[in-house]
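What the coordinates show
Here is what each chain is made of, one letter per residue.
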Amino acid sequence: MKNNITIGILFMSLAIGFSSCKKYLDQVPDSVNFTEDQIFTDVVQSQKFIDALLTRGTYFDDNNLLGDPLLDQFYGKRVYGTREKLSDNTIPALNVDWINGNGVRKGTAYYVASAAEYWNEGDYRRFTTFFAAIRIANLSIANIDRITNASQDEKNAILGQAYFLRGHFYFELLQRWGGMPWINYPLDPTQDMDLPRDSYTVTAQKIAGSFDSAALYLPNLISDAVWGKPSRIAALGYKAKALLWAASPYANPSGDKTLWQDAAKASGEAIKEAEAAGYTLVSLANWKNMFVDVNQEALKEVLFGRMWNQNWSFGPYFTRPRSATFGPNGINTAGAESPTESLAECFPWSNGEPVDPSSTEYRSVPYTGNGTAHTGRDPRFALTFMYNGHVNPTVQRAGRTVQIWNETAIVPAPVPALPNAEECQNNVLNGGFTVTGYYNYKQYSEAMALRGSSYIMFNIIRMADLYLFYAEAANRAWGPTGAPQGIPGFSLTAVNAINKIRTRANMPEFDNSKPWLMVGSEANFERIIRNENRIETCMEDKRFYDLRRWRILTDPATTELKVLYIRRTGINTFTYEQRLLTDAQRLKYLDRHYLFPINPSNTFLGPNFKQNPGW
């Protein structure tokens with residue numbers, strides 16, 4: 001074959017998998033085309049071919065691949081955090097029309113403006129991009145024996161990466177659109193493209209198999225010099241994730257224990273291998289540095305992710321540092337989502353006792369407690385939220401604390417150099433300010449406030465995820481305290497796994513010593529696991545897909561979002577009231593939103609390739 005293939009970006013319409021279209025659109029960063037013979041007979045070009053899937057601003061980062069350099073940058077990794085706006089963890093700022101108009105949040109399919117469609121997780125272009133990436137992986141695998149100048153180690157590196165990335169991109173398809181035809185070879189564009197879709201569970205199991213294959217070829221660990229490439233440990237972790245999705249209620253409504261056992265064993269094996277390789281939970285002091293201002297210590301926990309380096313001058317994707325004379329609390333809220341009170345109330349008191357929003361204590365001192373029964377919240381609370389009175393280096397440099405309230409009974413005292421520091425003027429909430437009583441601090445970069453740049457991490461799997469995966473699956477497979485089965489040399493129980501995360505956070509273990517630390521039944525402990533999952537992983541772009549796989553996307557507890565209404569009653573006194581958002585602001589999810597719609601033109605290929613339910 002003499003087909004031209006582009007190193008860097010090979011973009012095809014969905015036709016690469018599902019039509020007879022034979023033309024590939026070459027978009028070449030360096031304007032150099034190579035034939036298949038040139039690529040697959042040379043190890044350097046073959047490695048570059050599969051590396052294209054990891055190159056910044058291409059397939060892995062969801063850029064739009066339309067050839068516009070500005071859009072390619074804008075629609076790349078920079079906007080990953082907007083996924084959180086689809087969940088019950090955040091709501092949009094008042095003055096951000098493109099978020100308020102987003103069709104997914106409003107219960108339709110798309111925001112009508114074409115330029116904003118790509119912010120939608122179910123955008124048709126992502127569907128196309130993912131299948132294009134899968135074809136590149138399949139080409140790399142199918143042509144491995146044509147590389148005559150490669151050592152076996154060099155071939156293994158290409159194969160491992162190809163199997164891993166095929167699994168990754170299939171997983172991206174799965175959690176958005178559901179089960180897909182499994183294509184593990186380069187399709188001939190002349191063949192019949194009316195391919196039947198596998199079930200959600202079968203697709204997830206085949207994805208797990210691709211990660212199994214990747215683990216045969218990948219090195220156990222990767223060096224810091226090539227951090228961001230996959231390793232064997234990352235493949236084992238991703239396999240566990242795929243099998244957990246296969247076992248979860250959306251895919252497994254009957255609760256088939258075999259699926260849960262498979263997920264538990266895969267998660268346990270991944271933990272066992274990761275711990276042996278030196279991966280660990282970082283200290284609480286370094287916890288926030290896994291997301292912004294990333295340091296070397298953070299790499300001990302993140303098995304696989306994307307790190308954007310110091311040269312990237314844009315701020316984190318929710319809240320960014322702002323000139324102290326320009327806006328509230330020295331932060332930029334333009335485009336930001338505000339964390340909800342629904343999320344905040346998941347964080348218990350520091351002794352583990354759940355908060356009671358109706359109590360006098362919560363309504364007067366919800367963050368610190370009254371100093372008697374409670375002396376503060378879960379330590380991750382202050383690392384996740386900026387709240388009224390929150391102390392952080394940015395506001396400390398201005399000699400103040402974060403100031404948030406909805407109305408005031410007094411005339412505010414002037415604040416030097418910050419004339420508009422308060423959240424409201426004349427008891428009217430300022431546009432662009434938080435509408436929930438909180439800002440996102442987890443992704444707020446202090447380094448960017450000082451230097452205008454930061455290392456920013458978008459983690460896909462970290463050790464805490466593995467413990468959460470295992471706890472969830474083991475609880476269903478063997479109960480909260482049941483011994484694991486089929487994992488030689490491994491004795492962790494579901495409760496043990498959750499307690500590892502709790503211990504890192506300086507929170508008391510679930511040990512039945514207090515009523516609120518009771519393990520209870522399998523169903524009760526699953527509730528505990530889900531709450532711990534939400535606390536530990538919020539703002540990491542994971543919640544929306546958890547809501548889907550747990551089949552609680554449409555539950556009133558998900559859609560009826562809460563905020564904290566704050567009244568300033570004195571210079572340093574406040575009252576706090578939990579309120580529900582208006583109907584116009586709540587999530588509008590329906591049953592059909594458990595999967596995104598497939599481009600209608602692709603469902604006309606034949607009777608086997610069917611549209612998702614409700615669309």
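Residues numbered from 1 in each chain as written. Predicted model: local features only at pLDDT ≥ 70, side-chain atom pairs only at ≥ 80, totals over all residues. Heavy atoms only, no water.

1. Overview of the overall build of the protein
A tally of regular secondary structure across the protein gives 21 helices and 17 strands. Counting every position in the protein, which comprises 615 residues, the buried fraction comes to 60%. Contacts in the protein between residues far apart in sequence, at least 24 positions, make up 69% of those at least 6 positions apart. Counting only carbon and sulfur atoms, one obtains 53% of the accessible surface of the protein, whose full area is about 22,700 Å². (Helix = DSSP H or I, 4+ residues; strand = E, 2+ residues; numbered from the N terminus. Buried < 20%, exposed > 50% of the residue type's maximum accessible area, 1.4 Å probe, protein only. Contact = heavy atoms within 4.5 Å. Areas by Shrake-Rupley, 256 points an atom, 1.4 Å probe, with all protein chains shown as cover.)

2. So, helix α18 (residues 494-504)
Counting buried residues along α18, eight of its eleven residues qualify, which places the element largely inside the surrounding structure. Of the surrounding secondary structure, the elements contacted by the buried residues of α18 are α14 (380-384), β15 (456-462), α17 (463-478) and α19 (522-537).

3. Some thoughts on the pairing of strand β16 (residues 562-568)
The two faces of the sheet receive side chains in turn, since in a regular strand these alternate between them. A large share of β16 lies buried, amounting to five of its seven residues. Pairing of β16 with strand β17 (residues 574-580), which is carried by seven bridges, proceeds in the antiparallel orientation. Counted as the bridge partner of Arg568 is Phe574 from β17. Between β16 and β17, which pair antiparallel in sequence order, lie five residues. (Pairing = 2+ DSSP bridges.)

4. Digging into the confidence of the model for the protein
It should be kept in mind that the predicted coordinates are not to be read in detail where pLDDT is low. For the protein, the average pLDDT comes to 81, and 77% of its residues sit at 70 or higher. For the stretch residues 311-335, pLDDT sits under 50, and the model shows 89 contacts to residues farther than four places along the chain or on other chains. (pLDDT = per-residue confidence, 0-100.)

5. A closer look at empty space enclosed by the protein
Using the criterion set out here, one finds four cavities of 30 Å³ or more in the structure. Each pocket or cavity is described by its volume, and for the largest cavity that value is around 410 Å³. Forming the boundary of the largest cavity are 31 residues, of which Lys241, Asn459, Glu540, Asp541 and Lys542 lie nearest the centre. If one sorts the elements of the lining of the largest cavity by residue count, helix α8 (residues 152-177) sits on top with five residues. In terms of residue class, the lining of the largest cavity is built from 14 nonpolar, six polar and eleven charged. (1 Å grid on protein atoms, 1.4 Å probe; cavity = no way out; pocket = protein on both sides within 12 Å on 5 of 7 lines; lining within 4 Å. Points joined across faces, edges and corners; volume = space filled by probe spheres on them. Nonpolar A, V, L, I, M, F, W, Y, C, P; charged D, E, K, R; others polar.)

6. As for the pattern of salt bridges
Within this structure, the stated rule accounts for 31 salt bridges. Across the pair Glu172 and Arg176 runs a salt bridge, and its minimum N-O distance is 2.4 Å. Residue Glu172 and its partner Arg176 are located together in helix α8, separated by four residues, close to a single helical turn. Judged on exposure class, the residue Glu172 and its partner Arg176 are both buried. Between Glu301 and Arg462 there is a salt bridge; the shortest N-O distance is 2.9 Å. (Salt bridge = Lys/Arg side-chain N within 4 Å of Asp/Glu carboxyl O.)

7. Overview of the side chain of Glu446
Note that Glu446 resides in helix α16 (residues 446-451). For the buried Glu446, no salt bridge is present, and the opposite-charge side chain at shortest range is Arg397, 4.1 Å distant. Non-local contacts of Glu446, meaning those with residues more than four positions away in its chain, are made with Asp293, Asn392, Pro393, Thr394, Arg397 and Tyr441. (Lys, Arg positive; Asp, Glu negative; His and termini not counted.)

8. Regarding the sheet that holds strand β11 (residues 407-408)
What the three strands build is an open sheet, ordered β11-β16-β17; its pairing is mixed. Strand pairing shows two members of the sheet lacking a second neighbour, β11 and β17, which therefore form its edges. Bridging between β11 and β16 involves two bridges; their strand directions are parallel. Within β16, the residue paired with Glu407 across the bridge is Arg567.

9. Observations regarding the packing of helix α3 (residues 43-51) against α8
Across the interface, α3 lies against α8 with an axial gap of 10 Å and an inter-helix angle of 15 degrees. Between α3 and α8, the angle is such that the two are roughly parallel. The two elements α3 and α8 meet at a crossing, and its hand is left-handed. Mapping the contact onto sequence places Val43, Ser46, Gln47, Ile50 and Asp51 in α3 and Glu154, Ala157, Ile158, Gln161, Ala162 and Leu165 in α8. (Axes fitted to C-alpha atoms, helices over the stretch in contact; angles between N-to-C directions. Parallel < 35°, antiparallel > 145°, perpendicular 65-115°, else oblique. Left-handed = near helix turned anticlockwise from the far one by under 90°.)

10. Describing the packing of α8 against helix α9 (residues 200-217)
Packing of α8 against α9 brings their axes to within 8 Å, and their N-to-C directions diverge by 160 degrees. Comparing the axis directions of α8 and α9 gives the class roughly antiparallel. At the point where α8 passes α9, the crossing takes the left-handed sense. Here Asn156, Leu159, Gly160, Tyr163, Phe164, Arg166, Gly167, His168, Tyr170, Phe171, Leu174 and Gln175 of α8 come into contact with α9, specifically with Tyr200, Thr203, Ala204, Ile207, Ser210, Phe211, Ser213, Ala214 and Tyr217. Residues belonging to the contact of α8 with α9 are distributed by class as follows: twelve nonpolar, eight polar and one charged.

11. Some details on the state of the cysteines
One pass over the structure, following the stated rule, counts zero disulfides. Left without a disulfide partner, Cys346 is nearest to the cysteine sulfur of Cys538, which lies 8.9 Å away. Residue class for Cys538 comes out buried when judged on its relative accessible area of 1%. (Disulfide = S-S within 2.5 Å.)

12. Comments concerning the packing of aromatic side chains
Tallied over the full model, the rule gives 39 aromatic pairs. Of note, Lys288 hangs over the ring of Tyr441, and the distance from its end group to the ring centre comes to 4.1 Å. One cation-aromatic arrangement involves Arg551 over Tyr594; the distance from NZ or CZ to the ring centre is 5.2 Å. (Phe/Tyr/Trp six-rings, centres within 6.5 Å; stacked < 30°, edge-to-face > 60°. Lys NZ or Arg CZ within 6 Å of the ring centre and 35° of its normal.)

13. A look at the nonpolar core
The biggest cluster of nonpolar side chains holds 120 residues, and the ones touching the most others in it are Phe164, Phe169, Tyr170, Leu173, Met180, Leu466 and Tyr470. Residues within four places of Phe164 in sequence aside, it is in contact with Phe211, Ala214, Leu218, Pro230, Ala234, Ala235, Tyr238 and Phe304. Residues Phe347, Tyr441, Ile535 and Cys538 belong to the second largest nonpolar core, which totals 28 residues. (Core = buried A, V, L, I, M, F, W, Y, C linked by side-chain atoms within 4.5 Å.)

14. Quick look at the environment of Glu301
Checked against the element boundaries, Glu301 lands in the loop between α11 (257-276) and β6 (302-308). Linking Glu301 and Ile461, residues 160 residues apart in sequence, is a C-alpha distance of 8.9 Å. Ignoring sequence-local partners within four residues, the contact set of Glu301 consists of Tyr279, Thr280, Leu281, Val282, Met290, Arg462, Met463, Ala464 and Arg504. Here the side chain of Glu301 touches Arg462 through a polar contact of 2.9 Å, side chain to side chain. (Polar contact = N/O pair within 3.5 Å; in protein donor to acceptor, adjacent residues only side chain to side chain.)

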